[in-house]
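# What the coordinates show
Listed below, chain by chain, are the residues.
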Amino acid sequence: MSKIVFVEDDPEVGSLIASWLGRHNIDVVLENRGDRAEQTILREQPDLVLLDIMLPGKDGMTLCRDLRPQWSGPVVLLTSLDSDMNHILALELGACDYILKTTPPPVLLARLWLHLRQASEHHTPTLQTAPIPHRPLTFGMLRIDPVNRQVMLNDEEVTLSTADFDLLWELATHAGQVMDRDALLHSLRGMSYDGMDRSVDVAVSRLRRKLGDNGAEPCRIKTVRNKGYLFAPQAWER
């Protein structure tokens, strides 16, 4: 049985959805406050987190952002706020889906099972030899240390979230190669690109800002039209 933590302040909505999911082999731990949810999630270690946005104490968007450096499992926003901007922001903050509460229960269940299955496949242990520790990568004024998960740019530390660092490391270890969206999405989330998912584009845009790349005419992490992204190794020279 899969386990999820559902953060929802409306007890009627929470119990109805928990009951529906429970009948389909998903154990639901309910939490009704955003400011207690982080502690509940880290204690329960669920397979998935389902968040409302409007919560007492801490809203779902902020909670999603704060969770990401500590917890790598799937986060799904379940909300009545039908807003493209909120949808984009949720993906930028690390959510893997944004579902409206008006979605029919069978569709909600199917989408949750999709994320649970993808997360399970992504984290399935395999028999392998001990990994060789990664050495830091240096490109001009950029230094990426994977052991300490530290990024230095022009001798100043750049603060990156777990997702941002993983994306940068994936691009940098394939410096000079075009990485398509499917490869990036599969590597980082164990998901296939469906042609519409913008989470990679949003994540690259955020990473460019933090690394001082020009968003309008990027030269360090380049967009290769209709193909993907390219980490330019020579663009980091002083």
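Residues numbered from 1 in each chain as written. Predicted model: local features only at pLDDT ≥ 70, side-chain atom pairs only at ≥ 80, totals over all residues. Heavy atoms only, no water.

### Focus: the overall build of the protein
Note the cut-off: Numbering of helices and strands runs from the N terminus, with a helix taken as a DSSP run of H or I at least four residues long and a strand as a DSSP run of E at least two residues long. Relative accessible area decides the class of each residue, using a 1.4 Å probe on protein chains only: under 20% of the type maximum gives buried, over 50% gives exposed, and in between gives partly exposed. A contact between two residues is defined here by any heavy atoms of the two lying within 4.5 Å. What sets the accessible areas is the Shrake-Rupley method with a 1.4 Å probe; for residues, cover comes only from the shown protein chains.
Per the secondary structure count, the protein includes 8 helices and 12 strands. The proportion of buried residues among the 238 residues of the protein is 43%. A separation of at least 24 residues holds for 57% of the contacts in the protein among residues at least 6 apart in sequence. Surface summary for the protein: the accessible area is close to 12,800 Å², and the carbon and sulfur share equals 51%.

### Focus: helix α2 (residues 34-44)
Of the positions making up α2, those classed as buried are Gly 34, Ala 37, Glu 38, Thr 40 and Ile 41. Looking at the packing, one finds that the buried side of α2 touches β1 (2-7), β2 (26-31), β3 (48-51) and α3 (60-67). Gln 45 occupies a position one or two residues after α2 and carries a positive phi of about 50 degrees.

### Some details on the environment of Leu 184
Among the structural elements, Leu 184 can be located in helix α7 (residues 181-189). Remark: the alpha-carbon pair of Leu 184 and Leu 171, spanning 13 residues in sequence, is separated by 8.4 Å. In contact with Leu 184, other than residues within four places in its own chain, are Leu 167, Glu 170, Leu 171, Met 179, Val 200 and Tyr 229.

### Regarding the sheet that holds strand β9 (residues 156-158)
Here is the rule we go by: One bridge is not enough; two strands pair if DSSP finds at least two bridges between them. All axes here are fitted lines through C-alpha atoms, helices being fitted over the stretch that makes contact, and every angle between N-to-C directions spans 0 to 180 degrees.
Pairing is antiparallel in the open sheet, where 4 strands are placed in the order β6-β7-β8-β9. A single partner strand is all that each edge strand has here, and the edge strands are β6 (137-139) and β9. Across the sheet, the mean angle separating the axes of adjacent strands is 20 degrees when strand polarity is ignored. The strands touched by helix α6 (residues 162-172) are β6, β7 (142-145) and β8 (150-153); relative to β7, the strand with the most contacts, the crossing angle is about 110 degrees.

### Re the packing of aromatic side chains
Using the following cut-off: Only centres within 6.5 Å qualify two rings of Phe, Tyr or Trp (six-membered ring in Trp) as a pair; their planes then separate them into stacked at under 30 degrees, edge-to-face at over 60, and tilted for everything else.
Evaluation of the coordinates by the stated rule reveals 2 aromatic pairs. Measuring from ring centre to ring centre gives 4.9 Å for Phe 139 and Phe 231, while their planes differ by 65 degrees; the resulting arrangement is edge-to-face. Taken together, the residues Phe 139 in strand β6 and Phe 231 in strand β12 (residues 228-231) connect sequence positions 92 residues apart. Their ring planes at 20 degrees and their centres at 5.4 Å tell us that Phe 231 and Trp 236 sit as a pair that is stacked.

### So, the nonpolar core
Applied cut-off: Think of a nonpolar core as a cluster: buried Ala, Val, Leu, Ile, Met, Phe, Trp, Tyr and Cys residues, connected wherever their side-chain atoms sit within 4.5 Å.
Core analysis: the biggest nonpolar cluster contains 26 residues, and Leu 142, Val 151, Leu 171, Leu 211 and Phe 231 have the highest contact counts within it. Elements with a contribution of two residues or more to this core: β7, β8, α6, α7, α8 (199-210) and β12. Apart from residues no more than four positions distant in its own chain, Phe 231 is found in contact with Phe 139, Leu 142, Leu 168, Leu 171, Ala 172, Ala 175, Gly 176, Gln 177, Arg 220, Ile 221 and Trp 236.

### Observations regarding the confidence of the model for the protein
Heads up, the rule is: Across the chain, each position has a pLDDT score giving the predictor's confidence in that residue, from 0 to 100.
Residues of the protein with pLDDT of at least 70 account for 89%, and the chain-wide mean is 84. Predicted confidence in the protein is weakest over α7, with a mean pLDDT of 69, and strongest over β3, with 94. Here residues 124-132 is modelled with pLDDT under 50, and outside its nearest four sequence neighbours on either side it reaches 0 contacts, counting other chains as well. Predicted confidence is poor over residues 190-196, with pLDDT under 50, and the contacts of this stretch with residues over four places away or in other chains come to 14 contacts.

### Describing the pattern of salt bridges
How we decide: Whenever Lys or Arg places a side-chain nitrogen within 4 Å of a carboxyl oxygen from Asp or Glu, that contact is recorded as a salt bridge.
One pass over the full model with this rule turns up 14 salt bridges. The salt bridge partner of Glu 38 is Lys 58, with a shortest N-O separation of 3.5 Å. Pair noted here: Glu 38 is in helix α2 and Lys 58 is in the loop between β3 and α3, with a separation of 20 residues, a long-range link. We classify Glu 38 as buried; its relative accessible area is 19%. For Lys 58, a relative accessible area of 21% puts it in the partly exposed group. Salt-bridge contacts for Arg 149 lead to Asp 166; the nearest nitrogen and oxygen are separated by 2.6 Å. Of the two residues, Arg 149 is situated in the loop between β7 and β8 and Asp 166 in helix α6; the sequence distance between them amounts to 17 residues.

### Side note on unusual backbone geometry
The backbone of Arg 149 shows a phi angle near 50 degrees, a positive value even though the residue is not glycine. Here Asp 155, not a glycine, exhibits a phi torsion of approximately 70 degrees, which is positive. Residue position: Asp 155 is located in the loop between β8 and β9.

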